[in-house]
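Below, each chain spelled out in residue letters.
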Amino acid sequence: MKKMSRNVLLQMEEEDDDDDGDIVLENLGQTIIPDLGSLESQHDFRTPEFEEFNGKSDSLFFNDGQRRIDFVLVYEDESRKETSKKGTNEKQRRKRQAYESNLICHGLQLEATRSVLDDKLVFVKVHAPWEVLCTYAEIMHIKLPLKPNDLKNRSSAFGTLNWFTKVLSVDESIIKPEQEFFTAPFEKNRMNDFYIVDRDAFFNPATRSRIVYFILSRVKYQLINNVSKFGINRLVNSGIYKAAFPLHDCKFRRQSEDPSCPNERYLLYREWAHPRSIYKKQPLDLIRKYYGEKIGIYFAWLGYYTQMLLLAAVVGVACFLYGYLNQDNCTWSKEVCHPDIGGKIIMCPQCDRLCPFWKLNITCESSKKLCIFDSFGTLVFAVFMGVWVTLFLEFWKRRQAELEYEWDTVELQQEEQARPEYEARCTHVVINEITQEEERIPFTAWGKCIRITLCASAVFFWILLIIASVIGIIVYRLSVFIVFSAKLPKNINGTDPIQKYLTPQTATSITASIISFIIIMILNTIYEKVAIMITNFELPRTQTDYENSLTMKMFLFQFVNYYSSCFYIAFFKGKFVGYPGDPVYWLGKYRNEECDPGGCLLELTTQLTIIMGGKAIWNNIQEVLLPWIMNLIGRFHRVSGSEKITPRWEQDYHLQPMGKLGLFYEYLEMIIQFGFVTLFVASFPLAPLLALVNNILEIRVDAWKLTTQFRRLVPEKAQDIGAWQPIMQGIAILAVVTNAMIIAFTSDMIPRLVYYWSFSVPPYGDHTSYTMEGYINNTLSTFKVADFKNKSKGNPYSELGNHTTCRYRDFRYPPGHPQEYKHNIYYWHVIAAKLAFIIVMEHVIYSVKFFISYAIPDVSKRTKSKIQREKYLTQKLLHENHLKDMTKNMGVIAERMIEAVDNNLRPKLE
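Residues numbered from 1 in each chain as written. Predicted model: local features only at pLDDT ≥ 70, side-chain atom pairs only at ≥ 80, totals over all residues. Heavy atoms only, no water.

Quick word on the overall build of the protein
Turning to step 1, where the next piece is worked out: A count of helical and extended segments in the protein gives 27 helices and 20 strands.
Turning to step 2, where the next piece is worked out: A burial count over the protein gives 52% of its 910 residues as buried.
Turning to step 3, where the next piece is worked out: Of all intrachain contacts in the protein linking residues separated by at least 6 positions in sequence, the fraction that spans at least 24 positions is 77%.
Turning to step 4, where the next piece is worked out: Carbon and sulfur atoms make up 58% of the accessible area of the protein, which amounts to about 43900 Å² in all. (Helix = DSSP H or I, 4+ residues; strand = E, 2+ residues; numbered from the N terminus. Buried < 20%, exposed > 50% of the residue type's maximum accessible area, 1.4 Å probe, protein only. Contact = heavy atoms within 4.5 Å. Areas by Shrake-Rupley, 256 points an atom, 1.4 Å probe, with all protein chains shown as cover.)

As structure tokens, this is what we get:
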């Protein structure tokens, strides 16, 4: 990299960090300061004739047709603005000119061209010559080809599956497989060791763009109080440039007219993003080549996750069908719906004063639905998902290791450079403990502790804010339940169509779920900006550290935001309600909610369905409709038919920017879905099926979005999926506990099993054989109406007539018993069975998970052998070439020494 003395900087001579002072250009040492007034001519600035672009709209080169465009910068010419502030515009112009001058000093070549449609827009095309590419490839430790590699032959399908995999695979005659190479970090002094057949093709377009972006991000343009300002990102954010991006190689609907163009964008759209390719495998190698490893690893992970969901969806549907087909055999549901059983059981009011007494059979429809989800199949599916998630994570590690080898990212962590924002703050000098050399860091250990404390406090505050919103939703549920109980139709014979389906519990659950979803999305939008500000303040060193830090903050927030309402319904609602004569009050005012007689499992299913469905719809609106509408509006405002004559850079400029965190939000969306699929799957076995359908569409929607609606992203390296891997592992461990507790405490499976095996037969039951008959009557306790307190007393003289007792959901002794209203022996049997079930289920699943993790290595033996083999051959190749060079040099030196000795001895002999 050039020294600082070669930079052109704008020195601001004022104390405040603003632009109110005078701008002074200083000559720093041997600085080459161009004539700012004639800078446009240095850029070969000219307005091309209209005919120059006719038929050449996909040109990827400078006007000379030789130098490739590696990056494009866009700005608005201040002199042609209709309304402009001269002082501000002049300062922006001089900053931009200083920045572009420094780009030239760093070896980049620039060419500016005015827009065909809007002459205020100027496009600065950037080209990196061969020497610049070689220099920065060595600085960035970019791995480049040494020689063709015949070790990376991938195993093909075998036997009768060949025809099937051929149908699903991408046609190799259209997207040809990439040639594989031995690679090594590039070094200029070993250039002859590398496989350079054609200089123009040695650095592919993605690598060229990555190198140029590395330079653009580090070139300085201004000094304020000895603090440097630098980087294209800061210039874009401040409005000095309107955009900066690499070019797509062609239109997505048709191939380029340039025969040398690889048409990779067109191929990706045709074989990846087009709806007709929805059943095909993804062309991951081409995705990686065009967009970089970071995008490639995301789609590889999403595709693998979707494949694994297929198995989970099949088992989930089977368990759902098992419950659906056996719902008619559900004895306890029949008892609820039976007019002589459920129709004669009078239930106690579920709120104070306004709530009436009600008959059990009004919950007939919900009990039938509950039979579908609260069945033996649910238990089997919960155990299966505990094993499935471990298999998914372990096999993904193996697949990820294969991609690391195939994409040459095995030792990527050693190559990563510090972020320019981090480098700019490195003002403290310390001694490195390893090298014992001086190095600069941005702050001391004490300063780092202060920053971490402040960041953790900010995150904790926002989590408390979410908890407060959840409490608000709970208060809403408690309040509105009273309203629905008083306002909904009172025809309680179980035949009214409204009362049949819209019970107070159902109405409260649906409205609360919708309001909860709206609050979740609002808090999510606000916190995204706050999390970015917190992470910027924390100042991580590398881009990977930055993304991992932001990932943990965002996921912690999203975890509480999305899952808190589900945790409340699953583990808190209806668990601490007391009994009708002594109810428990929330905040001393609101009576705690009760579940339906069948439990809160159906309500949890409703909550999951609304949040998962609403989130999928909202994400599709954001990801598809908004970019499409914005691009449609942009095309409408441009001249009709102009796309045929506008150059490639101008077509790409009118596409939508992806943003640096665009991929982060894609990961976050899928990880939140992964949590819904695993954490609460015991309540909703169809969740994997919904996730499967969503992901099949998500892959193609993301592909369509990248190839058609967004500018080309700057290619980035990535070794793995980063912090998302340990997050998924944490979710997998937690999922075992949550599903065991859902089956034990949210569903009614354990009480039914206890009744069947212990309380349906003597000494506790009256039946001669094991049966579920009498379960409902046995699990509903009796309360004497006269024992109501005035505060909680309902209206006994309603349509149901006068009665002296009512029933409620609990296991307590009846009135008149020596221990009336205290928990009976059935309760303690159930509690013991629930705890035993949780312990047994957790230990069994954790044991299986541990065995699977131990039995399946993270890197397959075949991949490990390939990595070691390639490393050995690469070192051998470099060593042999080095020995050849040494032998050659020593031979030359020996010849010269012999010649010198001969020249010295010859006169003496004569």
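Topic: the packing of helix H13 (residues 376–406) against helix H26 (residues 825–855)
Turning to step 1, where the next piece is worked out: Two elements in contact, H13 and H26, have axes whose closest approach is 10 Å; the angle formed by their N-to-C orientations is 25°. Here H13 is positioned roughly parallel relative to H26, judged by the angle of their axes. In this structure, H13 crosses over H26, and the sense of that crossing is right-handed. Only Phe837, Met841, Ile845, Val848, Lys849, Ile852 and Ser853 of H26 make contact with H13, whose side of the interface consists of Leu379, Ala382, Val383, Gly386, Val387, Val389, Thr390, Leu391 and Glu394.
Turning to step 2, where the next piece is worked out: Along the lines of polarity and charge, the residues of the contact of H13 with H26 split into 11 nonpolar, 3 polar and 2 charged. (Axes fitted to C-alpha atoms, helices over the stretch in contact; angles between N-to-C directions. Parallel < 35°, antiparallel > 145°, perpendicular 65-115°, else oblique. Left-handed = near helix turned anticlockwise from the far one by under 90°. Nonpolar A, V, L, I, M, F, W, Y, C, P; charged D, E, K, R; others polar.)

Quick word on the state of the cysteines
Among covalent bonds in proteins, the disulfide is the one between the sulfur atoms of two cysteines.
Turning to step 1, where the next piece is worked out: Within this structure, the stated rule accounts for 3 disulfides.
Turning to step 2, where the next piece is worked out: Bridging Cys330 to Cys371, the disulfide has an S-S length of 2.3 Å. Between Cys330 and Cys371 the sulfur-sulfur dihedral comes to about -70°; the bridge is accordingly left-handed. In this pair, Cys330 sits in the loop between helix H10 (293–325) and helix H11 (331–337) while Cys371 sits in helix H12 (residues 364–373), placing the two residues 41 residues apart along the sequence. The pair formed by Cys330 and Cys371 is uniform in burial state, with each residue classed as buried. (Disulfide = S-S within 2.5 Å.)

A short note on the packing of aromatic side chains
Turning to step 1, where the next piece is worked out: Under the defined criterion, the tally for this structure stands at 59 aromatic pairs.
Turning to step 2, where the next piece is worked out: Both rings, one in Phe181 and one in Tyr195, keep their centres 5.2 Å apart while their planes meet at 45°; by these two values the pair is tilted. Taken together, the residues span a long stretch of sequence, with Phe181 in strand E7 (residues 181–185) and Tyr195 in the loop between E7 and helix H5 (199–202) at a distance of 14 residues.
Turning to step 3, where the next piece is worked out: A relative accessible area of 32% means that Tyr195 is categorised as partly exposed. (Phe/Tyr/Trp six-rings, centres within 6.5 Å; stacked < 30°, edge-to-face > 60°.)

Observations regarding H12
Turning to step 1, where the next piece is worked out: With 8 of 10 residues buried, H12 lies mostly within the body of the structure.
Turning to step 2, where the next piece is worked out: Turning to H12, its buried residues are Cys364, Glu365, Ser366, Ser367, Leu370, Cys371, Ile372 and Phe373.

Comments concerning the sheet that holds strand E3 (residues 71–76)
Turning to step 1, where the next piece is worked out: Spatial ordering of the open sheet is given by E4-E5-E3-E10, a layout of 4 strands whose pairing is antiparallel. Every interior strand has two partners, whereas the edge strands, strand E4 (109–114) and strand E10 (243–245), have only one. Each strand axis lies, on average, 20° off the axis of its neighbour in the sheet, ignoring direction.
Turning to step 2, where the next piece is worked out: Sheet topology places E3 next to strand E5 (residues 121–127); 6 bridges connect them, and they run antiparallel. Within the sheet, the bridge partner assigned to Glu76 lies in E5 and is Leu121. (Pairing = 2+ DSSP bridges.)

A word on the UniProt feature "transmembrane region" (unreviewed entry) in the protein
Turning to step 1, where the next piece is worked out: Under the present numbering, the feature "transmembrane region" (unreviewed entry) in UniProt falls on residues 298–325, 376–396, 459–486, 506–527, 554–572, 670–693, 727–747 and 825–846.
Turning to step 2, where the next piece is worked out: Between the C-alpha atoms that bound residues 376–396 there is a distance of 30 Å. The span itself is 100% helix and 0% strand.
Turning to step 3, where the next piece is worked out: The annotated region residues 554–572 carries 95% helix and 0% strand content, and the separation between its end C-alpha atoms amounts to 25 Å. (UniProt positions renumbered as here; feature names shortened; annotations may be inferred.)

Digging into the environment of Trp407
Turning to step 1, where the next piece is worked out: Structurally, the position occupied by Trp407 is in the loop between H13 and helix H14 (420–424).
Turning to step 2, where the next piece is worked out: In the structure, Trp407 is positioned 119 residues away from Arg288 in sequence and 8.2 Å away in space, judged by C-alpha atoms.
Turning to step 3, where the next piece is worked out: Not counting the four nearest positions on each side in its chain, Trp407 is found in contact with Leu284, Asp285, Arg288, Glu293, Gly296, Ile297 and Lys717.

With respect to the pattern of salt bridges
Turning to step 1, where the next piece is worked out: The full count for this structure, using the stated rule, is 27 salt bridges.
Turning to step 2, where the next piece is worked out: Measuring nitrogen to oxygen at the nearest pair gives 3.2 Å for the salt bridge that ties Lys717 to Glu293. Here Glu293 lies in helix H10 and Lys717 lies in the loop between helix H22 (687–709) and helix H23 (724–746), a separation of 424 residues in the sequence.
Turning to step 3, where the next piece is worked out: Residue Lys717 is classed as partly exposed on the basis of its relative accessible area of 22%.
Turning to step 4, where the next piece is worked out: Under the relative-accessibility criterion, Glu293 is labelled buried at 7%.
Turning to step 5, where the next piece is worked out: One salt-bridge network, in which partners are shared between bridges, spans Glu178, Glu264 and Lys289. (Salt bridge = Lys/Arg side-chain N within 4 Å of Asp/Glu carboxyl O.)

Some points on the pairing of E3
Turning to step 1, where the next piece is worked out: In terms of residue burial, E3 counts as a mostly covered element, since 5 of its 6 residues are buried.
Turning to step 2, where the next piece is worked out: When E3 meets E10, the two strands line up antiparallel, connected through 3 bridges. Directly across from Leu73, in E10, lies its bridge partner Ala244.

Things to note about the nonpolar core
Turning to step 1, where the next piece is worked out: Counting 147 residues, the largest nonpolar core has Trp301, Phe392 and Phe676 as its most contacted members.
Turning to step 2, where the next piece is worked out: Per-element accounting of this core gives the leading share, 15 residues, to H10.
Turning to step 3, where the next piece is worked out: The residue makeup of this core includes at least three contributed by each of domain 1 (281–751) and domain 2 (752–855).
Turning to step 4, where the next piece is worked out: The residues touching Trp301, leaving out its near neighbours within four places in the chain, are Phe392, Trp396, Tyr667, Met670, Ile671, Ile721 and Met728.
Turning to step 5, where the next piece is worked out: One finds Ala137, Ile215, Leu216 and Leu877 within the second-largest nonpolar core, a separate group that totals 44 residues. (Core = buried A, V, L, I, M, F, W, Y, C linked by side-chain atoms within 4.5 Å. Domains from an automatic or database assignment.)

Re the packing of H10 against H22
Turning to step 1, where the next piece is worked out: Two numbers describe how H10 lies on H22: the axes approach to 7 Å, and their chain directions differ by 155°. The orientation of H10 relative to H22 falls into the category roughly antiparallel. Handedness of the H10/H22 crossing: left-handed. Taking contact as the criterion, the partners of Ile295, Tyr298, Phe299, Leu302, Gly303, Tyr305, Thr306, Leu309, Leu310, Ala312, Ala313 and Val317 in H10 are, on H22, Pro688, Leu689, Ala691, Leu692, Asn695, Ile696, Glu698, Ile699, Asp702, Ala703 and Leu706.
Turning to step 2, where the next piece is worked out: In the contact of H10 with H22, the residues fall into 18 nonpolar, 3 polar and 2 charged.

Considerations on helix H6 (residues 205–216)
Turning to step 1, where the next piece is worked out: Compared with the 16 Å implied by 1.5 Å per residue over 12 residues, the 16 Å span of H6 between its first and last C-alpha is a close match.
Turning to step 2, where the next piece is worked out: Of all 12 residues making up H6, 11 are buried, and the element is well covered by its neighbours.
Turning to step 3, where the next piece is worked out: Along H6, the positions that sit buried rather than exposed are Ala206, Thr207, Arg208, Ser209, Arg210, Ile211, Val212, Tyr213, Phe214, Ile215 and Leu216. (Expected span 1.5 Å × (residues − 1).)

Re the environment of Val429
Turning to step 1, where the next piece is worked out: Mapped onto the secondary structure, Val429 falls in strand E13 (residues 428–431).
Turning to step 2, where the next piece is worked out: On a C-alpha basis, the gap between Val429 and Glu439 in space is 5.6 Å, while along the polypeptide they are 10 residues apart.

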